[in-house]
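# Structural features, examined
Each chain is listed here by its residues.
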Amino acid sequence: MHSASAKIILLGEHAVVYGQPAIAVPFPALTATAHATDAPPGDGLTILAHDVGRVLRVHLDDETPDNALTYAAQLTLHALNARPPDLSIEIRSTIPIGSGFGSGAAVTAALIRSLSAALGHSLDGDALNTLVYEVEKMHHGTPSGIDNTVIVFGRPVYFVRGQTPEPFSVGRALHFLVSDSGVSASTRETVGDVRRLVDSEPEQYGGHIEAIGHIVREARGCLEAGDAAALGALMIQDHDLLRALTVSSGLLDRLVEAALGAGALGAKLSGGGRGGNVIALVTPEQAGRVAAALREAGAHQLWPMTLEAR
Ligand code: PMV
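Residues numbered from 1 in each chain as written. Predicted model: local features only at pLDDT ≥ 70, side-chain atom pairs only at ≥ 80, totals over all residues. Heavy atoms only, no water.

## Considerations on the overall build of the protein
Here is the rule we go by: Put simply, DSSP marks the helices as runs of H or I at least four residues long and the strands as runs of E at least two long, and each gets a number from the N terminus on. Atoms counted for the radius of gyration: C-alpha only. Globule rule: 2.2 Å times the number of residues to the power 0.38. Each residue's exposure class comes from its accessible area (1.4 Å probe, protein chains only) as a fraction of the maximum for that residue type: buried when under 20%, exposed when over 50%, partly exposed otherwise. Any pair of residues with heavy atoms lying within 4.5 Å of one another is described as a contacting pair. Computed with the Shrake-Rupley method and a 1.4 Å probe, the accessible areas treat only the protein chains shown as cover for residues. For the purpose of charge, His is not counted, nor are the chain termini; Lys and Arg are scored as positive and Asp and Glu as negative. By convention, the charge on Lys lies at NZ, on Arg at CZ, on Asp at CG and on Glu at CD.
Of the regular secondary structure elements, the protein holds nine helices and 10 strands. In terms of overall dimensions, the protein is globule-like: its C-alpha atoms have a radius of gyration of 20 Å, near the 19 Å expected for 310 residues. Taking the principal axes of the C-alpha coordinates as reference, the protein spans close to 60 × 45 × 35 Å. In the protein, buried positions account for 54% of the 310 residues. Taking the contacts inside the protein whose residues are at least 6 apart along the sequence as the reference set, 73% of them involve residues at least 24 apart. Summed over all atoms, the accessible surface of the protein reaches about 12800 Å², with 50% contributed by carbon and sulfur. Here the protein holds 22 positive side-chain charges and 33 negative ones, and the gap between their average locations is 2 Å.

## Observations regarding the nonpolar core
For the record, the criterion: Remark: nonpolar core denotes a set of buried residues (Ala, Val, Leu, Ile, Met, Phe, Trp, Tyr, Cys) joined through side-chain atoms within 4.5 Å. An automatic or database domain assignment provides the domain bounds reported here.
Among the nonpolar cores identified, the biggest contains 104 residues, and Ile8, Leu10, Phe27, Phe101 and Val290 are the most heavily contacted of them. No fewer than three residues from each of domain 1 (2-159) and domain 2 (170-307) sit in this core.

## Some words on the site of the ligand
Our working rule: Being near a molecule or strand, for a residue, means having at least one of its heavy atoms within 4 Å of it. As used in this structure description, the phrase polar contact means that two N or O atoms lie within 3.5 Å; if the pair is within protein, one of them must be able to donate a hydrogen and the other to accept it, and residues adjacent in sequence are counted only when both atoms belong to side chains. Throughout, the protein atoms alone are placed on a 1 Å grid, and a set of points is a cavity if a 1.4 Å probe fits but cannot get out or a pocket if it is open with protein on both sides within 12 Å along at least five of seven lines; lining residues have an atom within 4 Å of a point. Grid points define the cavity or pocket, and a molecule sits in it when more than half of its atoms lie within 2 Å of them.
The environment of the ligand is made up of 16 residues, and the closest members are Lys7, His14, Ser144, Asp147 and Thr187. Contacts to the ligand include lysine 7, whose side-chain N or O atom sits 2.6 Å from an oxygen atom. Between aspartate 147 and the ligand, the recorded distance is 2.8 Å, taken from a side-chain N or O atom to an oxygen atom. Expressed as a share of its isolated accessible area of 380 Å², the protein-covered part of the ligand is 96%. According to the grid-proximity analysis, the pocket containing the ligand is the largest pocket. Sorting the residues of the shell around the ligand by element identifies strand E1 (2-11), helix H4 (146-153) and helix H5 (187-200) as the ones contributing at least two each.

## Some points on the side chain of serine 88
Assignment of secondary structure puts serine 88 in strand E5 (residues 87-93). The buried category is assigned to serine 88, whose relative accessible area is 16%. Apart from residues no more than four positions distant in its own chain, serine 88 is found in contact with His35, Ala36, Thr37, Ala39, Thr46 and Leu48.

## Regarding helix H6 (residues 202-225)
Within an α-helix, residues lying three or four positions from one another point in the same direction, as the helix has 3.6 residues per turn. Threshold: Residue count minus one, scaled by 1.5 Å, sets the expected span of a helix.
With 24 residues, H6 should reach 34 Å at 1.5 Å per residue; the first-to-last C-alpha distance of 34 Å fits that figure. Regarding H6, the residues found buried are Tyr205, Gly206, His208, Ile209, Ile212, Gly213, Ile215, Val216, Ala219, Arg220, Cys222 and Leu223. Looking one or two residues beyond H6, the residue adopting positive phi is glycine 226, at roughly 70 degrees.

## Examining the domain arrangement of the protein
Selection rule: Summed over both partners, the accessible area lost on bringing two parts together, with a 1.4 Å probe, is the buried area. Salt bridge, as used here, is a side-chain nitrogen of Lys or Arg placed within 4 Å of a carboxyl oxygen of Asp or Glu.
Here the protein is described as being made up of domain 1 (2-159) and domain 2 (170-307). If you average the C-alpha positions of domain 1 and of domain 2, the two centres end up 26 Å apart. Between domain 1 and domain 2, the contact holds 33 residues from the first and 42 residues from the second. Summed over both partners, the interface of domain 1 with domain 2 buries about 2900 Å², with 68% contributed by carbon and sulfur atoms. Looking only at domain 1, the three residues that lose the most surface to domain 2 are Leu11, His14 and Tyr18, adding up to 24% of its buried area. Taken together, the links from domain 1 to domain 2 amount to one salt bridge.

## Considering the packing of aromatic side chains
In this description, a pair of aromatic rings is defined by centroid distance and the angle of the planes. Short version of the rule: Any two of the Phe, Tyr and Trp rings considered here, Trp counted by its six-membered ring, make a pair once their centres fall within 6.5 Å; the pair's planes then place it as stacked at under 30 degrees, edge-to-face at over 60, or tilted in between.
For the structure shown, the criterion picks out three aromatic pairs. Seen in terms of ring centroids, phenylalanine 27 and tryptophan 303 are 5.8 Å apart; in terms of plane orientation they differ by 85 degrees. Their pairing is edge-to-face. Separated by 276 residues along the polypeptide, phenylalanine 27 in strand E2 (residues 22-38) and tryptophan 303 in strand E10 (residues 301-307) bring together distant segments of the chain. Exposure class is identical for phenylalanine 27 and tryptophan 303. Each is buried. Ring geometry for phenylalanine 101 against tryptophan 303: centres 5.7 Å apart, planes inclined by 85 degrees, an arrangement best described as edge-to-face. Highlighted residues: phenylalanine 101 in the loop between E5 and helix H2 (103-118) and tryptophan 303 in strand E10, separated in sequence by 202 residues.

## With respect to the layout of surface pockets
Note the cut-off: Grid points are joined across faces, edges and corners, and a volume is the space filled by probe spheres set on the points. Put simply, Ala, Val, Leu, Ile, Met, Phe, Trp, Tyr, Cys and Pro go in the nonpolar bin, Asp, Glu, Lys and Arg in the charged bin, and everything else, Gly too, in the polar bin.
Size it by volume and the largest pocket reaches roughly 940 Å³. In terms of lining residues, the largest pocket is bounded by 47 residues, among which Ile97, Gly98, Ser103, Gly104 and His139 are the most central. The biggest single contributor to the lining of the largest pocket is H2, with five residues. Classifying every residue of the lining of the largest pocket by side-chain character gives 19 nonpolar, 21 polar and seven charged. Here the lining of the largest pocket spans two domains, and each of domain 1 (2-159) and domain 2 (170-307) adds at least three residues to it. Of the voids in this model, the second largest pocket is the one considered here, and its volume is about 160 Å³. Lining the second largest pocket are Asn129, Thr130, Tyr133, Ser144, Gly145, Asn148, Thr149, Phe159, Arg161, Gly162, Gln163 and Pro165. Among the elements of the structure, helix H3 (125-140) and H4 are those that each provide at least two residues to the lining of the second largest pocket. Element by element, the count of residues in the lining of the second largest pocket is highest for H3, at three residues. Looking at the lining of the second largest pocket residue by residue, the classes come out as three nonpolar, eight polar and one charged.

Have a look at this one:
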């Protein structure tokens, strides 16, 4: 069995597409798994995607597969110079789709790990990351590469598009509540809409992008110093800028307000927006009250997440 966990963007989504930094962490409460079993000789390669009810046959000669899993398998076979083996790979995932958790990248990473292992290869992180990024383009159009990077390497990253991701230290353990709104939304669409805004009014919206970058650089210092109060204030500013970029929604704003009203140090949408999840930064003492407020405001699912001091 091979797996990959979900991810959470702490700060910097959308601006990261324009070369600004973003900070993301693995979210192991949610995972995608791939389980390979031998198939009878001559049966070829089949992917069983239970969660979306698909059975996919993989042929090397398909021109442009319209399915990301088929594409991932083909890219892997090409990279390893292999023919489709007689194999059945079952994919399962607990990661909500279109919810800012990196579901696409996690499922792809688990599948490629499973297929390459069955072919007797273990891809290193960089090789796997390159393949998952290719597939991300099918999901997202112009991905920054943050999802595949944090999911493939499985550790917190300070990420700038096109640069080697930097690890960072965390001065004191930080406690978050992650709440899924239960609404799925297309990151391809929100990224496209932000692009149109930035192109149409570069001064105003390009300014928001730069302001987010500034927030993320400051936030890194807060994480390193373990300054939760200052980090929370930056999260609130980041959410306001994402709202101005039109990627929030009534429900996401209500979740953020509910968390702040119950005493959270900070709260913001996380990921592509218009749906997906909201993260709130809390002290352990506040967690129960903030969780209750989030549920009351319409949180569909809720998980605690601790970023340990490192
Ligand atoms: O996959 P999501 O919804 O978490 O969004 C990824 C973050 C964006 O910055 C919105 C897009 C990107 O490619 O970085």
